[in-house]
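Each chain is listed here by its residues.
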Amino acid sequence: MQVFNLGRANIYHVSVVTTLSCVFVVMLVAMGMLHSLYFSPLPYPDSERIVKLEYPMFDENGNESSEAFNYPSLMYLYEHKPAAMEQLAMVHYAEQLLTSDADAPQVESAYVSPEWFSIFDMSLAMGRVITEPVDESSPVAVLSYQAWQSHFNGDPDILNKTLRLDEREFTIVGVAAEQFYEPNLKKLTHNTAVWLPWQYNLTSEEAKPYWWNRYALNLMVGKLATGVEHEQVSLSLSNEMNTLWRSKVSDSEYFAKWHIGIRAMPLKSIMLGKSPLLLFGMFVVSLGLLGIALLNISNLYLARLSQIQRRLAIQAVVGAKISDIALMQWLPLLALCSVSLVVAIGASYVICLWLQTELVGLLPQAQLISLTWQSVLALALVALLTSWLLLLAGMSAIRFRHLTHMLKQSGKGTAVVVSARVQRIMAVSQLSISIILTFFCFNVGVAAISHLNNAYAVDLTNKYEVTFYAPDTMPRDEYQEVMRQASEALGNTAEVIAVSRSRSPIGQGVGTWSLQEVETLERVHPVGRVVDSGYLEFFSLPLLQGQFFDSEAVRRGEQQLIINKTFAEQLGGEEKALGKRLSFNIADEDAAFEIIGVVADLAVPGEPALPHVYRAVQGSNTALIKTKQPVTKSHFAALLTQVHPALKIFSFKSLTAQREQYLLTDTLVTYGALFIFALALLLVIIGLFGVFRYSQSLKASYYGTKMVLGAKHSDLTREDLTTHFKHIGIALMISLTGGLLLSPYFQQTFNVAEFSIAAVGIVLVSSSCLYFSLQQILRRPLNALINPSELVKG
Amino acid sequence: MIVLKNINKVFETEELQTHALRNISLEIAKGDFISISGPSGCGKSTLLSIIGLIDQATSGSYTIGAHDVTTLTLDQAAELRNEHIGFVFQAFNLIDEISVFDNVALPLKYRPEKLSKAEVKLRVEYCLQKVGLSHRVQHKPNQLSGGQQQRVAIARALVTEPSILLVDEPTGNLDSKSGDQVMQLIAELHQQGTTVCMVTHDPRYADMAPRQVKLFDGELLGTVASAQSVSQRA
Ligand SMILES: Nc1ncnc2c1ncn2[C@@H]1O[C@H](COP(=O)(O)OP(=O)(O)O)[C@@H](O)[C@H]1O
Ligand SMILES: [Mg+2]
């Protein structure tokens, strides 16, 4: 009996600690992320004063058409620093080959004006930062700690050595400290390997004078003067810069009704992007989980109380006051909450470490994620509150006046009571919540996973995108010829099965082309793709109508298009679309393209099937290759030098890796959501078990009495299952209504089959919970059942 | 009809062994009214549980009529209890959520051969009338007094027409007036032919039985046949 009790106590303790720990972990991670990313200052001096200056252009309708500086505006603003700004810095981001290294690896570079270093207070491992004013700087470079380690083996004598990026040499004058944390201004994964003086930035000389060009890679950051608000700066600079810009483009009819603005965006809002929404969402979800957990644990706790009521009764008889009993009950609850708290802190610490590396590329500033002491403190308060609420639930169920009676009547009756009606409501509500949760878990999960599987669902194995590099000093024609030869050389190797001189379809934007149908003059806006003649066959896209591109025809420059199924449907069906003519410039009779084929859609995640149009050209410096076995970049390096000594591989990416990278966000969000759903489901099932346990242990003496009167185990099981099925009937109706009502919020149509599977699943799981829990109770000696107080005898 | 031979019962718990019954031999004939008395903890309830097939003896043999019931499966025990044994507990053990009628009808529900609704009604009403509670049919047990509840429990024990009525401290939870009434009822049932085996530590009530057994520390001290008639005592 002792062992039995211990075992039972363990189920209770383990269930409570598991449930609470799980919920606490989610809460703590959510609070930690929210606090460390959203509520903590960034690791730069006066970080709240740092702003990114943006340069939006608005078209004649006032819609924002782009956000990027033109070169002259950028320089003008930098050279005429307004008084409202304490400091201004320019940065130009680029990807280049480190040609001084034998492998010529691709590195990310940043060309900055000297103020950049003081705004972000770069600490150094050695040497100095770039201090010379723009235009006066010699070609020097500051390495990141990472680059110093990986490309220069942490060489302690690195200072004053030179490195070569593409065709230019720089003298290394400094190395950043390991803990220096670079702000993400442009994209989530930019990791600058080397900082260089602004004057060597890669903006082409011919493009520099144009006031309407847009350079997405030329950015400006600044520090507001003390006491200045960013809205103020936006307003005054917008006026000033717009006047200037308008005067410079006054001769252009196209820009006649356009205007520009300057937007001073606080650094934090830039660096966090849309993640505050995600962070707050996660926090709200964790609160929901806490709610479910509280419901469940109070069920378990009530079951527990009804089992130990004899102990309570004895305490009451020997003179314990209500407050004494409450205190005696509170301490173990507090202990359980504390254990869960400790477990959760430990687990969250590990999870945060993992998230720091795993969420790079999904969350900006992921490296800053940490468990702050403030969030730990907040969780400790939540734990305290949890123990309090549980105590409250328990105390309200104890009928103190019955406690002392109970012993006199030698165990007849129960003093811990939740009315039969409330028990029924608890059972029905737990069942309904379980069915609804499982249904949506299933529904959203199936949709999300099939969505992931369908994205770029063409065969990507052993396919690579190779971008070649040749010095841009090379004459145009020679450059083209070298690029053609490079692809040809790859195609001639034994490993390579197929080559297409096109860019990878993965992660390309959805830039649309504005075309006009020649016959009807109707305007269409399909997504446009420039590919080579072999592209569609390279991806084995099924041809539905007409023919593929012919390489000879492409060489002759014939104006042909192939469209996808969705676009064909827009044009009145696959057969009708064939032979139609589309043009960018309807005025020019010779500019029209003819549709010669229709291919299947290539699904892109997060987008409905979009109309696509493919135009074939001869290709440029990028090639797609398909190989027999997995290969690496180094495989082809020597081969290319044979084609031309200066020819190098600029980038080499497997399409599978590109796909993974591209789907990273969707994948993490999907699995994160599924994890939370699964957790909620687990909690609800534990809760169901608690509800059954509680009502069954209240009914223990009834089972005993019925057995004395001749009931067999099978009779009792049948009786309880019958009641259970009545509850399920009600729960089914509630969850069906809930499912129908909530479906729109999950952006899903109500799926009867999935609902049925969820319902059947819960019916089976809950019935077996009930069954096994009941069998466990009936296994006790009959004598013990007749007198429930005997349950805790000894 | 009921024959116990050399019954021993040992409870084994982690720390200690309790020899609750030692070498008990006892015969109960049809129509007997036997009382088992003795100090608290001497093994009365244990003996009654064994007779009532709620518990099994550690050693010894036990027969009811022609059945050897020394060892039984749980389901066999349940069937035999339902057929032969009517139990009355100190704590009444009624089910609070169902009516007096349904409480009394409960044992009929667990019979292998089911009775028709009309038959059930007839039997239940007959038994309730026997205990004088015909007017409380639709009440819930907790709406009745203790004495009334115990009479409902007796009606429930009678409804299957058992071979023997086993009664454990029927007055333990009652005031003396209600206790007397219940004892009166039990004596009347005996006179109408019901076989009764009753446990009590109250000598006053023990004396009402024509056959009295005394237990002390798990051992039988002998059988005393009472000279007095039950009805005279009450
Ligand atoms: N389930 C049990 N486990 C262990 N010991 C028990 C159990 N039931 C009864 N006993 C012990 O057996 C002895 C007889 O108990 P019981 O028959 O209930 O006495 P009575 O009914 O005469 O007061 C007591 O010492 C009691 O502690
Ligand atoms: Mg007893």
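Residues numbered from 1 in each chain as written. Chains lettered and ligands numbered in written order. Predicted model: local features only at pLDDT ≥ 70, side-chain atom pairs only at ≥ 80, totals over all residues. Heavy atoms only, no water.

All right, on to the nonpolar core then. Residue and element names in this part refer to chain A. Core analysis: the largest hydrophobic core is formed by 78 residues, its most contacted members being Phe24, Leu289, Ile369 and Leu379. Here this core gets 15 residues from one element, more than from any other, and that element is helix α1 (residues 2–39). Inspection of this core shows a minimum of three residues originating in each of domain 1 (31–42 + 274–417) and domain 3 (418–455 + 663–794). Every residue in contact with Leu289, bar those within four places of it in the chain, is listed here: Val23, Val26, Ile676, Leu679, Ala680 and Leu683. (Core = buried A, V, L, I, M, F, W, Y, C linked by side-chain atoms within 4.5 Å. Buried < 20%, exposed > 50% of the residue type's maximum accessible area, 1.4 Å probe, protein only. Helix = DSSP H or I, 4+ residues; strand = E, 2+ residues; numbered from the N terminus. Domains from an automatic or database assignment. Contact = heavy atoms within 4.5 Å.)

Facing 22 residues of chain A, the contacting portion of chain B comprises 26 residues. Summed over both partners, the interface of chain A with chain B comes to about 2200 Å²; 57% of that surface belongs to carbon and sulfur atoms. In this structure, the connection of chain A to chain B is made through two salt bridges. Between Glu719 of chain A and Lys109 of chain B there is a salt bridge, and its shortest N-O distance comes to 3.3 Å. (Buried area = accessible area lost by both parts, 1.4 Å probe. Salt bridge = Lys/Arg side-chain N within 4 Å of Asp/Glu carboxyl O.)

Now for the pairing of strand β22 (residues 593–599) of chain A. Residues and elements named next belong to chain A. Among the seven residues that make up β22, six are buried, leaving the element largely enclosed by the rest of the structure. Bridge count between strand β19 (residues 543–546) and β22: three bridges; the pairing is antiparallel. Paired with Leu543 across the two strands is Val599, which belongs to β22. Relative to β22, strand β20 (residues 560–564) runs parallel, the two sharing five bridges. Across the sheet, residue Ile562 finds its bridge partner in β22, namely Gly597. (Pairing = 2+ DSSP bridges.)

Residues and elements named next belong to chain B. Close contacts around ligand 1 come from Phe11, Thr18, Ala20, Ser40, Gly41, Cys42, Gly43, Lys44, Ser45 and Thr46, and that covers them all. With respect to ligand 1, the backbone of Gly43 contributes an N or O atom lying 3.0 Å from an oxygen atom. Relative to its unbound accessible area of 550 Å², ligand 1 is 67% covered by the protein chains. Of all elements in the fold, only β2 (17–28) and α1 (44–51) reach the threshold of two or more residues within the shell around ligand 1. Among the elements that take part in the shell around ligand 1, α1 stands out by supplying three residues, more than any other. Partitioning the shell around ligand 1 into residue classes produces three nonpolar, six polar and one charged. (Near = heavy atom within 4 Å. Polar contact = N/O pair within 3.5 Å; in protein donor to acceptor, adjacent residues only side chain to side chain. Areas by Shrake-Rupley, 256 points an atom, 1.4 Å probe, with all protein chains shown as cover. Nonpolar A, V, L, I, M, F, W, Y, C, P; charged D, E, K, R; others polar.)

Moving on, we get to the sheet that holds strand β25 (residues 648–654) of chain A. Pairing between sheet strands relies on hydrogen bonds along the backbone, with the strands arranged either parallel or antiparallel. Residues and elements named next belong to chain A. What the four strands build is an open sheet, ordered β15-β24-β14-β25; its pairing is antiparallel. Looking along the sheet, the strands with just one partner apiece sit at the ends: β15 (496–500) and β25. Across the sheet, the axes of successive neighbouring strands diverge by a mean angle of 25°, strand direction being ignored. The pairing of strand β14 (residues 463–469) with strand β24 (residues 622–627) spans five bridges and is antiparallel. Along β24, the bridge assignment pairs Val466 with Ala623. (Axes fitted to C-alpha atoms, helices over the stretch in contact; angles between N-to-C directions.)

Here we come to α1 of chain B. All names here are of chain B. Most of α1 is tucked away, with seven of its eight residues classed as buried. All buried positions along α1 are accounted for by Lys44, Thr46, Leu47, Leu48, Ser49, Ile50 and Ile51. Positive phi shows up at Leu53, right after α1, with a value of about 60°.

Chain-level pLDDT for chain B is 89 on average; 94% of the residues reach the 70-or-more range. For this predicted complex, the interface score ipTM comes out at 0.91, while the overall pTM is 0.68. (pLDDT = per-residue confidence, 0-100.)

Residues and elements named next belong to chain A. Examined against the element boundaries, Asn564 turns out to sit in strand β20. Here the side chain of Asn564 touches Phe567 through a polar contact of 3.0 Å, landing on its backbone nitrogen. Once residues within four sequence positions are removed from consideration, Asn564 is found in contact with Val598, Val599, Ala600, Asp601, Leu610, Pro611 and His612.

To continue, consider helix α12 (residues 420–454) of chain A. With 35 residues, α12 of chain A should reach 51 Å at 1.5 Å per residue; the first-to-last C-alpha distance of 50 Å fits that figure. Phi turns positive, to about 50°, at Tyr456 of chain A, one or two residues after α12 of chain A. (Expected span 1.5 Å × (residues − 1).)

Residues and elements named next belong to chain A. Summarising the element assignment, Trp211 is placed in the loop between β10 (194–197) and β11 (218–224). The class for Trp211 is buried, based on a relative accessible area of 16%. Expressed as a C-alpha distance, the spacing of Trp211 and Pro72, which sit 139 residues apart in the sequence, is 6.1 Å. Contact partners of Trp211, with chain neighbours within four places excluded, come to Asn70, Pro72, Ser73, Leu244, Trp245, Lys248 and Val249.

On to the pattern of salt bridges, then. This structure, assessed with the given rule, holds 26 salt bridges over all chains. Where Glu517 of chain A meets Lys580 of chain A, a salt bridge forms, and the shortest distance between an N and an O atom there is 3.7 Å. One end of the pair, Glu517 of chain A, is in strand β16 (residues 515–517); the other, Lys580 of chain A, is in the loop between α17 (574–577) and β21 (581–583), and 63 residues separate them in sequence. Since its relative accessible area comes to 18%, Lys580 of chain A is described here as buried. When the shortest N-O distance is used, the salt bridge between Asp32 of chain B and Arg211 of chain B registers 2.8 Å. Separated by 179 residues along the polypeptide, Asp32 of chain B in the loop between β2 and β3 (33–37) and Arg211 of chain B in strand β9 (residues 211–216) bring together distant segments of the chain.

All right, on to the packing of helix α9 (residues 322–358) of chain A against helix α10 (residues 373–397) of chain A then. Residues and elements named next belong to chain A. For the pair α9 and α10, interaxial distance at closest approach is 9 Å and the crossing angle is 145°. Note that α9 runs across α10; the crossing there is right-handed. Together, Ala326, Gln329, Trp330, Leu333, Leu334, Cys337, Leu341, Ala344 and Ile345 of α9 and Val376, Leu379, Ala380, Ala383, Leu384, Thr386, Ser387, Trp388, Leu390, Leu391 and Met395 of α10 make up the contact between the two elements. (Left-handed = near helix turned anticlockwise from the far one by under 90°.)

Attention now goes to the sheet that holds strand β2 (residues 56–58) of chain A. Residues and elements named next belong to chain A. The strand order across the open sheet formed by three strands is β3-β2-β12, and the pairing between neighbours is antiparallel. This sheet does not close on itself; its edge strands, each paired only once, are β3 (64–67) and β12 (259–260). As defined by bridge partners, β2 adjoins β12 across two bridges and the pair is classed as antiparallel. Following the sheet pairing, Met57 is matched in β12 by Ile260.

A few words now on the side chain of Ser35 of chain B. Residues and elements named next belong to chain B. For Ser35, the position within the fold is in strand β3. Taking relative accessible area as the criterion, Ser35 reaches 0% and is therefore assigned buried. Reaching out from Ser35, the side chain makes a polar contact with the backbone oxygen of Ala206 at a distance of 3.1 Å. Sequence-distant contacts of Ser35, defined by excluding residues within four places in its chain, comprise Met198, Ala206, Ala209, Arg211, Gln212 and Val213.

Let's shift gears to the packing of α12 of chain A against helix α19 (residues 655–698) of chain A. Residues and elements named next belong to chain A. With their axes 9 Å apart at the nearest point, α12 and α19 run at an angle of 160° to one another. In terms of axis orientation, α12 runs roughly antiparallel to α19. Along this stretch, α12 crosses α19, giving a crossing that reads as left-handed. In terms of residue class, the contact of α12 with α19 is made up of 22 nonpolar, eleven polar and two charged. (Parallel < 35°, antiparallel > 145°, perpendicular 65-115°, else oblique.)

Below, the discussion takes up the packing of aromatic side chains. Residue and element names in this part refer to chain A. Counted under the stated rule, the structure contains 26 aromatic pairs over all chains. Feature note: the residues Tyr44, Trp116, Phe117, Phe120, Phe180 and Trp195 constitute an aromatic cluster, connected by ring pairs. The lysine or arginine in question, Lys463, covers the ring of Phe538, its NZ or CZ lying 5.2 Å from the ring centre. (Phe/Tyr/Trp six-rings, centres within 6.5 Å; stacked < 30°, edge-to-face > 60°. Lys NZ or Arg CZ within 6 Å of the ring centre and 35° of its normal.)

This part covers the confidence of the model for chain A. All names here are of chain A. Within chain A, residue pLDDT values average 85, and 93% of them lie at 70 or more. Overall, residues 1–7 carries pLDDT values under 50, and its contacts beyond four positions in sequence, including any with other chains, amount to eleven contacts. Below pLDDT 50 for its whole length, residues 789–794 participates in 19 contacts with residues either more than four positions away or in separate chains.

Residue and element names in this part refer to chain B. Note on placement: Gln143 falls in the loop between α4 (117–130) and α5 (146–158). Among the residues examined, Gln143 registers a relative accessible area of 52% and is labelled exposed. In sequence terms Gln143 and Asp96 are 47 residues apart; their C-alpha atoms lie 9.2 Å from each other. Reaching out from Gln143, the side chain makes a polar contact with the backbone nitrogen of Lys140 at a distance of 2.7 Å.

All names here are of chain A. A grouping of Leu381, Leu384, Leu385, Trp388, Leu389 and Leu392 is seen on the molecular surface, where their side chains present a nonpolar patch of about 590 Å² in accessible area. Among the structural elements, Leu381 can be located in helix α10. For Leu381, a relative accessible area of 55% gives the class exposed. (Patch = residues over 30% accessible without salt bridge, like charges linked within 9 Å, V, L, I, M, F, W, Y side chains within 5 Å.)

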